[in-house]
Amino acid sequence: MLHPARQLSVSFHSELYKFVPEDHLLRKIHSAIDFRFIHELVEQSYCKYYGRPANEPELLFRLLFLQILYNLSDERVVQETQVNLAYKWFLGINPEDLVPDASQLSRYRNHRLGASQVEDILKHVVRQCIEQGLVKSKAIIMDATHTQGGSPKQRPLDVLRDAAKRLFRVVSKRHPKLEKKLPKPPHVKSEQADAAQIMLAYLASLGETVEQLLPDHEGAVSEKLGIARQIVEDERLLSHKGILSAFDPDARFGWKSISKSFFGYKEHIAMTEEEIITALEVTPGSTDDGKQLSVLLEQSTANGMNVNEIIADKAYSGKDNLEKMKTETITPVVPLHPIVHEGGERQEGFEYNKDADFVVCPAGEHSIRRAIQGSKKTGKSRSMVYYFDIEKCKACPLQDGCYKSGAKSKSYSIRIIAEHFKEQIEFELSDTFKERIRRRPIIEHKNAEMKRFHGMATARYRGLFRMRIQAYLTAFVVNVKRMVKLNEQKQPALS
Ligand code: SF4
C-alpha cells in the first residue's frame, strides 16, 4: 500500500544537519535534480488498498542512489547511512530515524523499480537536463562497453546439474509434500561420455513434473523453472556455446579483441557532447554493437533529444545504419569499416565482431581465417570471406541449412563496400568529419567512470533483468553528477 508523499516532522536533532557542509556533493545533487517523479513512476506496482504501508518510494530510491554513487553493497549502504549525517540528510529523515533494511532495498529494486519501466528514470533525468538548459548539443555519441557477469562460466554438465539441483531444492523446500513425487537425480559421473545428455533428459523431466504438480507456480519456483526451461531448450548448450551458467543464464561470451574475451553483458550507450547519457540498452555479451544504433536513436528521441548528428566508431557503419541516418537527415560521423554488412542479405544468426575481426556463427563458433575475393582491378563485387573450422561444422547440431554434408569448406561472405557509399567516403575525408570524430573518445571516459567509480565492471546481481536495473541506475547517477558539474560551470566564477 502506498501513501501519498508525506511530510516528515522535523525533530529537535535535525539541528545536527547544520554540520553537513554547504558544498557537500549530496547538497548539490539535492538542488540539481527533482526526485519527485519517482512516486508516480512506481505507484502502479503497489497495491492500492492492501498491505503494510510502504516506505516512501523516493526515500528508497535515494538510498539506491547513494549505493551506486558510493559503490556500496545493499548491506553496506544501510549500515553507512545509519551513521552518516549527510546520507540521512539526503534521504530526508531525522538523525535519530532508522534506515530501511537491506531486504527492503532489494525488494524495491526488483519488484517496484524493475516492474515499472526502469528506463523511465533515464527519461526523467534527460528531460530535467533539457529543461534546465544543460543540453544544447544535437549530436549523440554512441559506444558499447562490457560488464563481467556475476557468476563464473560453467561446463554444460555443471549447468544442467546446478539447474536441476536448484529447481529440486526450491520445490522441496516450499512444498515438502511434493518432494517424493519429483524424479530422483540420476547418478552420473563427469567422465561418462553421455553424462550431459542424461542430465539434460533428467532436467527436462523434472521441469515437466513440476509444471504438472504446480500449475500455478510463482515466485522462486517460477524463476528456477523458467531457467530450467531455457536451458533445456537451448540448442547450443551441449556445444559450450549457449547458456554457460545455471545461475546467470542470460550472460554470454563476448570478445574485446581477437585474444580477449569476457563472460557477461554489454551496455550500449548514447551520450550528448555535454556528457549526459540519453539512451541505454543492455544485452548479452555476444551482441553486435552496430545493431543497437536504431534502438539508441529512438530512445534518445523519446527521451526528448532532437538528434541531428551521430558520432560513433566503425562498428556502427553498417548499411542499414547509414541508410537510417540518411532517411532521418542525421549526419553520420561514423568511419566506414572496410567491410560493411549488406543489410537484408545477411544470413540469419551470423554476427560480425569488429573488435576481433571475425564472424560468429549461430552455433557460437568464430571464423578461423579470412580472405578477399573478387576483382582487384575494378574493385567491384569484392567480398571478405570468413572461413569456419570444417571439423566443427561436421559435428554441429545446427548444420541444417548451414553446412552441406561433404562440403570441403564453410564460409560466410561480407561485401566490401568500396563501390557503395561514395558520399560517406568523401565526407570521411573532409575537415568537418575529422574535427567532429575527435569528440568520440569522451564516451570512453564515461564508460570508465561508470566502471571505476560506480561498480559497472562487474554485475552486482544475476540475470539480464537485474543487470538492466543496475545499468539504468548507474546511468542516472552519472547523469546527476554531470548535472551538478554543468550547473557549476553555468555559475559565474566568484572573484
Ligand atoms: S555448421 Fe558450422 S558455421 Fe554453421 S552453425 Fe554449425 S558450426 Fe557454425
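No experiment lies behind these values; they were computed from the predicted model shown. (Residues numbered from 1 in each chain as written. Predicted model: local features only at pLDDT ≥ 70, side-chain atom pairs only at ≥ 80, totals over all residues. Heavy atoms only, no water.)

Draft legend 1. Spatial organisation of the packing of helix H3 (residues 57-69) against helix H4 (residues 74-83). Packing of H3 against H4 brings their axes to within 10 Å, and their N-to-C directions diverge by 105 degrees. With respect to H4, the axis of H3 lies roughly perpendicular. Contact residues: Leu63, Leu66 and Gln67 in H3; Asp74, Val77, Val78 and Thr81 in H4. Here the residues of the contact of H3 with H4 sort into four nonpolar, two polar and one charged. (Axes fitted to C-alpha atoms, helices over the stretch in contact; angles between N-to-C directions. Helix = DSSP H or I, 4+ residues; strand = E, 2+ residues; numbered from the N terminus. Parallel < 35°, antiparallel > 145°, perpendicular 65-115°, else oblique. Contact = heavy atoms within 4.5 Å. Nonpolar A, V, L, I, M, F, W, Y, C, P; charged D, E, K, R; others polar.)

Draft legend 2. Just the environment of alanine 363, in detail. Positionally, alanine 363 belongs in the loop between strand S8 (358-360) and strand S9 (369-373). Relative accessible area serves as the criterion here: at 7%, alanine 363 is assigned to the buried category. Residue contacts for alanine 363: discarding those within four places in its chain leaves Arg236, Ser239, Lys241, Cys396 and Leu398. (Buried < 20%, exposed > 50% of the residue type's maximum accessible area, 1.4 Å probe, protein only.)

Draft legend 3. Just the nonpolar core, in detail. Counting residues in hydrophobic clusters, the biggest one holds 95 residues, and the most contacted among them are Ile29, Leu113, Ile121, Met142, Ile310 and Phe476. Looking at this core, the element that brings in the most residues is helix H17 (residues 464-490), giving 13 residues. Core analysis: the next-biggest nonpolar cluster, separate from the first, contains 29 residues, Val159, Leu182, Ala195 and Leu206 among them. (Core = buried A, V, L, I, M, F, W, Y, C linked by side-chain atoms within 4.5 Å.)

Draft legend 4. Focus on the environment of methionine 483. Topologically, methionine 483 is positioned in helix H17. Residue classification places methionine 483 among the buried residues on the basis of a relative accessible area of 0%. The spatial distance from the C-alpha of methionine 483 to the C-alpha of valine 126 is 9.8 Å, given a sequence separation of 357 residues. Aside from chain neighbours lying at most four places away, what touches methionine 483 is Ala32, Ile33, Val125, Gln128, Cys129, Gln132, Leu134 and Ile276.

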